[in-house]
Each structure stands twice: as C-alpha cells, then as structure tokens.
Amino acid sequence: MDLRGGCLDTVLQPPSLSISHPRVDSDGRSLSVSWRVNHSSLVGDVYEIQISRAESHAVIYTRNLSLSSMDSDEYAWTWTSDVPLECVNHSVRLRQFYNRSVPSPWSDWVTNYGAQAQDETLIFPSQRVLREHTSAVFCCIPPRGVGVTGMAFNNRGYPLINVGATGVKAIAVHNLTIPTTFIKELLLSCSDARGKISHTRNYISFPPQRPGNLRCATSDMRTVMCTWDSGRQRHLDDGNKQNHTLHIENSDRNPIRCKPLSCSFPTVPQREEYNISVVVKDQLGEETESYSFNISDRVSPVVVVVRVSPGVSHSTVSWVVRGNLTRLNLLCEVTTDPDSSTQLICNNASGHCEVELEHLLPNTCYSARARCSAGGRLWGEWTQPISFTTYPMVSLDVWRRIKQLSDPNTRQVTLLWTTHVPGSAATVNIKGYVVQWSQGGQNRTERKDGRQTQAEVSIDAGQHDFTVQAVVLTGSTVPAHITVPQRDDGETLPAKKRVSSNTAAGFNLSWDDGDTATCGYTVEWCILGHAVPCTDAVRWVKVLEGNNTLVLPAGHFKAGCRYTFNIYECTENGHRLLEAQTGYSQELQSVKSPSLVEPVQSTSCSVTLEWRYDEDEPAHPAFITGYLVTAQEVGSDQFNVSVADPRRKSVTIEGLQQNKEYAFSVSALTKEGPGEPTSITIRTRTNYAAHLAKVLTPILLLLGCIGLMWPQRKLLRSGLKEIFAYPAGMNIKTPELDGFLHETAEWLRPQRAEECSSCDIEILNTGSPLDEPTALRDPDPRPGSQSSPSARSLLQADYCPQSVPVLWGGPALQPITCVTNETYLHTGEDLSEAQEVPFTGIQSKFESASVLYAYISIDGFKVKDQTC
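Residues numbered from 1 in each chain as written. Predicted model: local features only at pLDDT ≥ 70, side-chain atom pairs only at ≥ 80, totals over all residues. Heavy atoms only, no water.

Asker: Can you tell me about the overall build of the chain, naming the residues and giving the values?
Answerer: When you go through the chain residue by residue, the secondary structure sums to 4 helices and 61 strands. When each of the 868 residues of the chain is scored for burial, the buried share is 41%. The long-range share in the chain, meaning contacts at least 24 apart out of those at least 6 apart in sequence, stands at 65%. Of the roughly 48,700 Å² that the chain leaves accessible, carbon and sulfur atoms contribute 50%. (Helix = DSSP H or I, 4+ residues; strand = E, 2+ residues; numbered from the N terminus. Buried < 20%, exposed > 50% of the residue type's maximum accessible area, 1.4 Å probe, protein only. Contact = heavy atoms within 4.5 Å. Areas by Shrake-Rupley, 256 points an atom, 1.4 Å probe, with all protein chains shown as cover.)

And the structure:
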C-alpha cells in the first residue's frame, strides 16, 4: 500500500530456504533433513518438497507439507526410500508458498551420495535386519566400467532393475519370510562382467512385541522386581537384537536397563505409588507398556529356609521368611505330597515359622514345600520341595502251636510271629525281639535276635498270656499279645471236612460261627502241605469277628499237594480248634498203584482180586474216590468193573471161561481219572467134574454090559479068542517094527503138538499059555487128555491081544520086545480139541505077521525099546 492508500500491484517474492545436509538413519533407508521456519504467514506455512535420484536429478517424490504455528524455529522431516540409500545419489530441495499462493525460489539441491565401488562389487543392503512379510530392493554397485550380469537372492535369480545410476543394478523381492533352516541368514549374490561373484547376508525378523502381563512385586520392601511376557518367541540366531529399558515416570531416576523378561530397581524412599513403563526397541521399531501399582499391595514374601523333623505319623516343618515383614500380617501355607495342606499366620518378629503336619503314614516318603503372603493378597513363590521319610511303625502278628509232652502238666508252646511295617520307603532294621510271659507268679522275659521269628517256651497246664515286641533303632513298635488256653482233657478234635478248590480262584473256605468266638478267627495251614513237622512253614490268617469266610489265592499253593486248614475261634481264654478242612488247590491223576494180595483166588468161572491201599495217605496228589478193575481175556475185548467205595479192597469177577488166561489190572480212581495200574495174569481152573462125568458114563455102561453078559462069559471068551488070535505062522520082527515106528515119529514131529496120554504097546512072541493076556494099556492117564471113543473103550475094557497059536514042537521062542510110547506133550489149546488119528495097518513086511491095531497121537511120541 502506498502513502496515498492505494494498493501496489507488485508482490514481493519470499526468499529461498536453506536446508541442512541430509542425514541417513541406521536402517540405510531413511533420509532426514531440517530447515528454519518463517512464521510471517498468517494462515500457516506451506512447503513443497522434492526428492531426486542420481546425477540427473530425476524427481521421484514430491509432497506439499502444511505447518501450523510451532514453538520451535526449526522443523525436521524424514523420508523412507524403497531403494537403499547407498545404491544411488539422493537429493532434496524445497520451497515455501507465501500465504499459500506465492512460491519462493527452490532451495539448492542437497545430496546424499551413494557408495562408490573401487575394485570389488558392493551389495546393499548388507548385514541388515529386514522386516518379515515386506518387500525389499537389493542393489549391486560394480566398479566403474564393469557391468552387472546377474543377481540372486537365496540362490534364486531375479530380473535386474535400473535405478538411475550408471552401472548400478537392483532386484525386488516380495514377501520376505524367516528361513526355517538352522541358519537364519539369507544369501544375496551378485555376478559382474568379469566373472566374479560377490556375496553378502541379511537377516529377516519381526518388529518388537509389546510387553504382556506386566507385573511388579517386592519380597522385602527394599527392591521391586518387574516381569513381563515377551510375546512371540525369537530364535537364538535372530540378528534383530533388542534393548529393554524401564522408566519410572513419577520420579527423576534415569531409565533402567533390563533383561529381556525382567527388571529390578530399588524402591524410592517414602513412595508408595509407582508409574512405570517398559520400552522394547530393536532395528525394526519399538513398543512400550505402562503399569501402575501400590507397593504395599505387591509384597511377595520369600521363604529361604525349610527344615523337616519327621516322626511316625506326624512331622514338624519350619522355615524363615526373608525381610522384616511382620507388620504386614504374614499368612503362610505348607503342603506335603501327597495328601496334606496347612495354613497358619506367622507374625514372629524373627521371621521364623513352624507347623506340625499330622495324620501321616509311617515309613512313607513325603515332600514338603512352603510359601507366604502379606495379608493373603499376593502369594510368594513355592519353595523347592524338601523330601523326608516318616519313621516306621513296626507291628507283629503272633501265633502259637501247642505240643503236649509226656508229662501231663507240661506243654511246649512254639510262638511264631511275622513283622508288619506299613509303607515301603525304607527297609526297617530290627535289632531283636522281646518275649514276655508270666508263670508261677513270676514275669519271665526271653530275648531273640532280629533274624529269629519264633521262640519255644515250656509251660504248665494253666492259661498263659504272652507278649512279643520288636526292638528298632528309630520309630516305634506295637506289642502283640496272645493267650494260650489251659489244657482241656475233654476236648475232642473235629473230623476233617473236604473243601473244594478252583484252579483260578484258589480255596474258598467257610465255616460255622463259633458260639464262644469273641475276637474273630484264625486259619492255620502248612505251606508244605502234608509235611511233618511243619513249624517253619506254618502260615496263618486272622479273620475279623463277624466274618466266617476266607479266600486264599491259588497262586500260593502247589497242585497235587494236600493242605489241611485248621480253623480256630478266638475267645477271651485263647484260641480253640473249631474246624479242620482239607483239600487240594488242583487234584492230579497220577496216584500210585495198589498192591495186589497173592495168591489170587480163582475158580473155573471166577477170579477174586484183593489189594492193599492206603486211601487216606496225605501224600496222594488227589482224593481217592474208588478203584477201577479191568479184565481182558488174551486176544479178546476188555471189560471194566468199578468200585465206588475207596475202603473196599476186593472184587469178584464172574462169568469167566474155564482154563483160560485173563489179564487183570487194578488202579485207584480220583476225580481226574484212574491212576497208575498194577497188573496180573491168571488162568482159570479146569472143571474136572464135567470131565469125570464124561469118563464115568461109558465106564458105567461097560460095567453094566459086563454084568449083563457075565453069565455068558465062557461063550464070549471062546468067540473073542477066535477073533483076536494071531494067525498061524505069523512072525513079527521087532527091529523092523522099531524102525517103522521111528519113521512114523519123525513124520509126526512137525505136526501141531497137543497133550496126549502115553501107552505101552507090547508085542509078544507067544510062548505063554493061551489064557495069559498081554496088556495094551494106558499106564498114566492124564485128566486133560482125550482120546477117541474106540481107543478109550479098548483101554477101559483091558483088552489083551492073544498070542498066535503055534506047535509045541516048533522052534524056540523069540525074545519078547516091548514098545512103549512115553510122549508127554502139552498145548495151549483145550484138550477137547486134540485130534487122534488111528494108526492102523502096521502090517508086515514081517514074516507071517498078522494085523495089529493101535492109537497113536499126532502130537508125536517117544519110542523106547524094552526087552521084557
């Protein structure tokens, strides 16, 4: 405006601005400049900024920037390049628009110069941390005059890009990812026209995570410890190293350098409220988390010393709390693993606390730990578990066996005991045992070493109380009591009952309730079965009152072994035998064979077998339920006879055939079947009465005929003489007859032999009176022999051949030769089947011989020459 109030048409142009030299941040991609601000504008300042690349100043970025009123006279501005600033020159200039319309002249270009390669090719970025899931441009700067022929990222080639500078090439890689290999670096290579390959490595990471779950506490009101969660976990080889700092916002203290997950600092005197912040910073950025607290509410006591004093069923745990926190009303908690937890208030000025843990198991391993809190608001950390073992509690299970000696007033009592130690934490060292009882008004004591489990004591016929107690180094013991009743002469032993068993379940014992039982029952047995004596192998089980059953597993017993279970009722005056049961866990079949009684009684049609056997023998592997008798005729089928009563030891088998061989066997029976048999072979007798009837019948008939014909004997004699007289002139030569008989015997030898009777054959040269007979007879008839009817009738009639009539004046008489058949042969077949063949026709070749008839068995015979 001029002096006259008119407006001037000319507007003055603002001066050009001056820019500071560009600064490059550590990431190599951020370019910062600053300039002084002119506050002459009434509506604010507007600036235009341009960025160019390379020597040609090709503008790659333009922006208008509006600035309102500022307190400072200097303004800083930062720009981030997509290409590493080392790859090419970057220049910046700006101008100001006065009143948003009048521009000032451009400032001079200020340049950030890129790198220049000398002899070796340069690669950018190099040894930098790149953000995950972003894109990046990598450039290759060769020496002057050398061209770039190729670039590869992580061994993969990419197309080359011009960035404006002479000879400089670049590639663009999108969506960078963290390698899954052990080495987290990525390789970048560049090949130039000289054939050289240059390499560099870069890291890919993610920006810092905001600290999570930030919390602070103090254990002694002197130091505050803050902790937080880091969020996403980083690999140990991650090149993006982080810095953690803690700032107390409401104090003038300097920032505190922290560990990755925690930070501690001393409390500020007289300050209760704290406002803090934790800053996490790395090459890709920074994150901050804030937290406010009252220190009195964040007290977390620390237990530093824990001691345990064990007992049998209780233990004392003591500990010390660090710092003077008694004014904060400490509440502590102690737990044992397993099964116990206790809380108590601890206001001891010294910080020493203790508690007694009860209802623990003896000889058991436990672990205890403790923690405390200030008023129950914030609990401290649990201490490390302290292991301890409670002392053992030793108890005894006592039993007795009573033996009556020859003196009726003296009994021998064997006390037996077993040791019971609940828990299994350690083996208990028992030094010995003390046995006490009273007799004759005096208390008696006997000591046994720790390896013994029984004691023998002689007592009288009265009632006695015994006490047995173990002696141990640590822990305690419970004395065991047992009462031996007085002798009862009228006591009768109960009969043994058989108890069945199951191979899988074992013995299932049950008994009737005892009328006088007041303290249960005791079941006693010997693990060796029937072994006697059984002092060292006695086992017993005590059954509570009101229960009259007991199951004993089969695995504790041996198959084929008989066990006897004595069941005693417990009364106020001692134990008395109630029942006795016997049985097998598993019966076996292989019992011993019976012993046969000989000689065996037999008839022609039956055999009576007797045997000896102890069916009650405890060594048997099973109960004897009877016997099995088998009979079998040789070559025929077998038949069985069962005897159901094990005490019956004889049986008669009838319906047999006479004179036959039979094989008999006897075996003991169990429920599993027959055991080992004992065998014998017997031949039945011959029925001679039947044979005698067959023989006597024709004899009696013959005698009857003789009696009827006796009156006519003279007439018959003369007729028979004519029939059986030797023909006139017959001359029998004895040697020829002997030879013939020998040949006949040799022919009959291979024939089947059978039993036959012998006979004498006499051949006479007549020289005696005609009325003297010559006998053809059977000197030794056998009961089993059978002959043909004709032969038998001749022998029984005492038939005598007549000599041949000769002249008295003839030649001298020849010597008489007697031929005797003395063959005695027996066969295995019935004599009734023997065959006899009439030997006829002994006819001469002798001179003047007549026919002689005889019967010779085909079984063979023996010829004996005898001169009569």
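Read on, since the account is not over.
Asker: Could you give an account of the packing of aromatic side chains, naming the residues involved and the relevant values?
Answerer: A complete count under the given rule lists 24 aromatic pairs for this structure. Arranged with centres 5.6 Å apart and planes meeting at 55 degrees, the rings of W35 and Y47 form a pair that is tilted. With W35 in strand β2 (residues 30–36) and Y47 in strand β3 (residues 45–53), this residue pair connects regions lying 12 residues apart in the sequence. Its relative accessible area of 1% is what places W35 among the buried residues. Judged by relative accessible area, which is 0%, Y47 ranks as buried. Centre to centre, the rings of Y61 and W77 are 6.2 Å apart; their planes meet at 25 degrees, and the pair counts as stacked. Note that Y61 is positioned in strand β4 (residues 58–67) and W77 in strand β5 (residues 74–80), a separation of 16 residues in sequence. (Phe/Tyr/Trp six-rings, centres within 6.5 Å; stacked < 30°, edge-to-face > 60°.)

Asker: Describe the nonpolar core, and please don't skip the residues or the numbers.
Answerer: Formed by 42 residues in total, the largest nonpolar core has its most connected members in L246, F265, I276, F293, V317 and W319. For this core, the element with the highest residue contribution is strand β30 (residues 365–374), accounting for 5 residues. Filtering out sequence-adjacent residues up to four positions away, F265 remains in contact with T223, V224, C226, L246, I248, I256, Y274, I276 and F293. Counting 25 residues, the second-largest nonpolar core is a separate cluster that includes L396, W399, W437 and V457. (Core = buried A, V, L, I, M, F, W, Y, C linked by side-chain atoms within 4.5 Å.)

Asker: Any details on the sheet that holds strand β18 (residues 212–218)? Residues and values, ideally.
Answerer: In spatial order, the strands read β18-β19-β22; together these 3 strands make up an open sheet with antiparallel pairing. Where the open sheet ends on each side, the last strands, each with one partner, are β18 and β22 (262–266). The sheet shows a mean angle of 15 degrees between the axes of neighbouring strands, taken without regard to direction. Relative to β22, strand β19 (residues 223–229) runs antiparallel, the two being bridged by 5 bridges. Following the sheet pairing, T223 is matched in β22 by P266. (Pairing = 2+ DSSP bridges. Axes fitted to C-alpha atoms, helices over the stretch in contact; angles between N-to-C directions.)

Asker: An account of a nonpolar patch on the surface is requested, with residue identities and associated values reported.
Answerer: A cluster of nonpolar side chains, contributed by L692, L696, L700, L703, I706 and W710, occupies part of the molecular surface with about 610 Å² of accessible area. Structurally, the position occupied by L700 is in helix α1 (residues 688–709). (Patch = residues over 30% accessible without salt bridge, like charges linked within 9 Å, V, L, I, M, F, W, Y side chains within 5 Å. Salt bridge = Lys/Arg side-chain N within 4 Å of Asp/Glu carboxyl O.)

Asker: Outline the sheet that holds strand β31 (residues 386–389), supporting the account with residue identities and numerical values.
Answerer: Spatially, β28-β27-β30-β31 is the arrangement adopted by the 4 strands of the open sheet, whose pairing is antiparallel. In this open sheet, the two edge strands, each paired with only one partner strand, are β28 (340–346) and β31. Put simply, the sheet's adjacent strands are angled 25 degrees from each other on average, direction ignored. One ladder, built from 7 bridges, connects strand β27 (residues 330–337) with β28; its direction is antiparallel. Bridged to E333 within β28 is Q343.

Asker: How would you sum up the pairing of strand β15 (residues 169–173)? Please name residues and give values.
Answerer: Across 5 bridges, strand β11 (residues 136–141) lies against β15 in antiparallel orientation. Paired with V137 across the strands is A172, a residue of β15. The pairing of strand β14 (residues 161–162) with β15 spans 2 bridges and is classified as antiparallel. Looking at β15, one finds that N162 is bridged to K169. Between the antiparallel neighbours β14 and β15 lie 6 residues, among them G164 with a positive phi of about 105 degrees.

Asker: How would you summarise the pattern of salt bridges if you had to cite specific residues and measurements?
Answerer: Evaluated as defined, the whole model comprises 23 salt bridges. Among the salt bridges present, the one from E333 reaches R371, with a minimum N-O distance of 3.1 Å. Highlighted residues: E333 in strand β27 and R371 in strand β30, separated in sequence by 38 residues. Across the pair, R371 and E333 agree in class, each one buried. By sharing partners, the salt bridges in this structure join E615, D616, R647 and K649 into a single network.

Asker: Please give an account of the state of the cysteines that cites residues and values.
Answerer: Counted under the stated rule, the structure contains 8 disulfides. The disulfide partner of C87 is C139, and the S-S distance across this bridge is 1.6 Å. Between C87 and C139, the S-S torsion sits near -85 degrees, and that sign places the bridge as left-handed. Residue C87 is located in the loop between β5 and β6 (90–98), and its partner C139 is located in strand β11; the two are separated by 52 residues in the primary sequence. We classify C139 as buried; its relative accessible area is 0%. The partner cysteine of C140 in its disulfide is C190, sulfur to sulfur 1.7 Å. A torsion of -110 degrees about the S-S bond marks the disulfide between C140 and C190 as left-handed. Here C140, found in strand β11, pairs with C190, found in strand β16 (residues 185–192); they are 50 residues apart in sequence, far enough to count as distant. Pair check on accessibility: C140 and C190 agree, each one buried. With no disulfide of its own, C561 has C526 as its nearest cysteine by sulfur position, at a separation of 8.1 Å. For C561, a relative accessible area of 9% translates into the label buried. (Disulfide = S-S within 2.5 Å.)

Asker: Any chance you could break down a positive patch on the surface for me, citing the residues and the numbers?
Answerer: There is a patch of like positive charges on the surface, built from R713, K714, R717 and K721. Following the sequence through the fold, K714 ends up in helix α2 (residues 713–724). (Lys, Arg positive; Asp, Glu negative; His and termini not counted. Charge placed at Lys NZ, Arg CZ, Asp CG, Glu CD.)

Asker: Report on the layout of surface pockets, specifying residues and quantitative values.
Answerer: Roughly 1,300 Å³ of volume is contained in the largest pocket. Counted by class, the lining of the largest pocket contains 17 nonpolar, 11 polar and 13 charged residues. (1 Å grid on protein atoms, 1.4 Å probe; cavity = no way out; pocket = protein on both sides within 12 Å on 5 of 7 lines; lining within 4 Å. Points joined across faces, edges and corners; volume = space filled by probe spheres on them. Nonpolar A, V, L, I, M, F, W, Y, C, P; charged D, E, K, R; others polar.)

Asker: Kindly report on the environment of T267, identifying the contributing residues and their values.
Answerer: Examined against the element boundaries, T267 turns out to sit in the loop between β22 and β23 (273–282). Take T267: its relative accessible area is 17%, and that puts it in the buried class. Along the chain, T267 and V224 lie 43 residues apart, while their C-alpha atoms are 6.3 Å from each other. In contact with T267, other than residues within four places in its own chain, are M221, R222, T223, V224, R253, Y274 and I295.

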